[in-house]
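Residue strings, one per chain:
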Amino acid sequence: MSSYSRISKAFQHPCRLPLYQDSRYVLFSDCHRGTGRSNDNFLKNEFLYVSALKYYEEQGYTYLELGDGDELWENRSFCAVKSIHPDSFELLGRFFRQDRFYAVYGNHDIIKRKKKFCQTYCQDYFCQCHQCSRSLFPGICFYSGIILEDQKHQMDIYLTHGHQADFLNSVLWPVSRFLVRYIWRPLEQLGIPDPTSAAKNHRKKKSSEKRLARWAAQQHHLLITGHTHHPMIGTPSSPYSNTGSCISPSGITCIEIQDRCLTLIKWTLGTKPDRTLYVKRVPLGTAICIDDYA
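How each quantity is defined
Counting restarts for each chain, with residues numbered from 1 along the sequence as it is written. Only residues with pLDDT of 70 or above have their local features reported here, since the model is predicted, and side-chain atom pairs are shown and tallied only from 80 upward, although totals for entire chains, interfaces and linings are computed over all residues. Side-chain descriptors were evaluated using all non-hydrogen atoms of the structure, hydrogens and water having been removed beforehand. At least two DSSP bridges between two strands are required for those strands to pair. By the criteria applied, helices consist of DSSP H or I runs no shorter than four residues and strands consist of E runs no shorter than two, each listed in order from the N terminus. Fitting a line to C-alpha atoms yields each axis, with helices limited to the stretch in contact; the angle taken between N-to-C directions then spans 0 to 180 degrees. It only takes one pair of heavy atoms within 4.5 Å for two residues to be counted as in contact. Put simply, buried Ala, Val, Leu, Ile, Met, Phe, Trp, Tyr and Cys residues joined by side-chain atoms within 4.5 Å make one nonpolar core. Buried, partly exposed and exposed residues are distinguished by accessible area as a fraction of the type maximum, computed with a 1.4 Å probe on protein chains only: under 20%, between the cut-offs, and over 50%, respectively.

Asker: It is not clear to me how the sheet that holds strand 11 (residues 252-258) should be interpreted in this structure. Could you clarify?
Answerer: Through backbone hydrogen bonds, the strands of a sheet pair up, either in parallel or in antiparallel fashion. The strand order across the open sheet built from six strands is 4-3-2-11-12-13, with neighbouring strands paired in mixed fashion. Edge positions in the open sheet fall to strand 4 (101-104) and strand 13 (277-289), since each of these has one partner strand only. In this sheet, adjacent strand axes meet at a mean angle of 25° when their direction is disregarded. With four bridges connecting them, strand 3 (residues 62-66) and strand 4 associate as parallel partners. Counted as the bridge partner of Leu66 is Val104 from strand 4. Strands in contact with helix 2 (residues 46-58) are strand 2 (24-28), strand 3, strand 11, strand 12 (261-271) and strand 13; relative to strand 12, the strand with the most contacts, it is inclined by about 130°.

Asker: I would appreciate a short explanation of the nonpolar core in the present structure.
Answerer: Side chains of a nonpolar character, in soluble globular proteins, are inclined to be buried together. If you look at the biggest cluster of nonpolar residues, it comprises 42 residues, and the most contacted ones within it are Phe28, Tyr49, Tyr56, Tyr63, Phe101 and Phe137. Tallying contributions element by element places helix 2 first for this core, with six residues. In this structure, Tyr63 is in contact with Val26, Phe28, Cys31, Arg33, Tyr49, Leu53, Leu92, Phe95, Arg100, Phe101 and Tyr102, ignoring residues within four places of it in sequence. Core analysis: the next-biggest nonpolar cluster, separate from the first, contains 24 residues, Leu27, Ile233, Ile288 and Ile290 among them.

Structural measurements only, silent on function.
Okay, structure coming up:
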């Protein structure tokens, strides 16, 4: 099966959500929440992530996670991931209880596509603040794709993780997981990057992005993915965008959808005139509206 067919297959049985003029969606991907060890790249940015989620909860956004939310290649235990990031899962659980949380699986958390896994591990988490188990995602389904259906019938927005464009990380994902878990993880601690990763291998990143952009242009769809960790907003001539990731040393990125327009956002540290630090929200570039693509 070609990468073109694999991308199309992700939308055979999607979650469909309405996109109205007043809809508010925020898209994150590639959080790679880990177990707090040296390879947990999310840990250093968690305070930015929690601050961002509190903002989006207050502003009435629906949270959409486009895969690799949790690092389940390097780590076998999802329970260990939940136990080290209770503040993040408390917020995600609140979004879910308000019917404002939807997610697709990526290659690093592809295990979430199994109903039994969700029934066993996604129902609750242990809240350290209240010292008891609390509801997390009871009855959740992780999708291969999500379609935001434009109620003005101009252009729907197609959302998936993006690993479908990468043969090694889609078709041969069990091999890639083995290599990451038992070979590249210990080598990465010595400073040797994983050559199988589209996020760390520049050539693979460009190749995946070209396939995704070509699919979007040929299908006349507005496509948003993660996977490559390369934040970008498409142009009217190239309707492909990427959310970036939550593990960059400079901060976390996401895409906001408001008034049927897409804005790339970075959350990072800022300094006030009195030299105190604060979390700031920084729009990157200008917003692109759906009507600009149509």
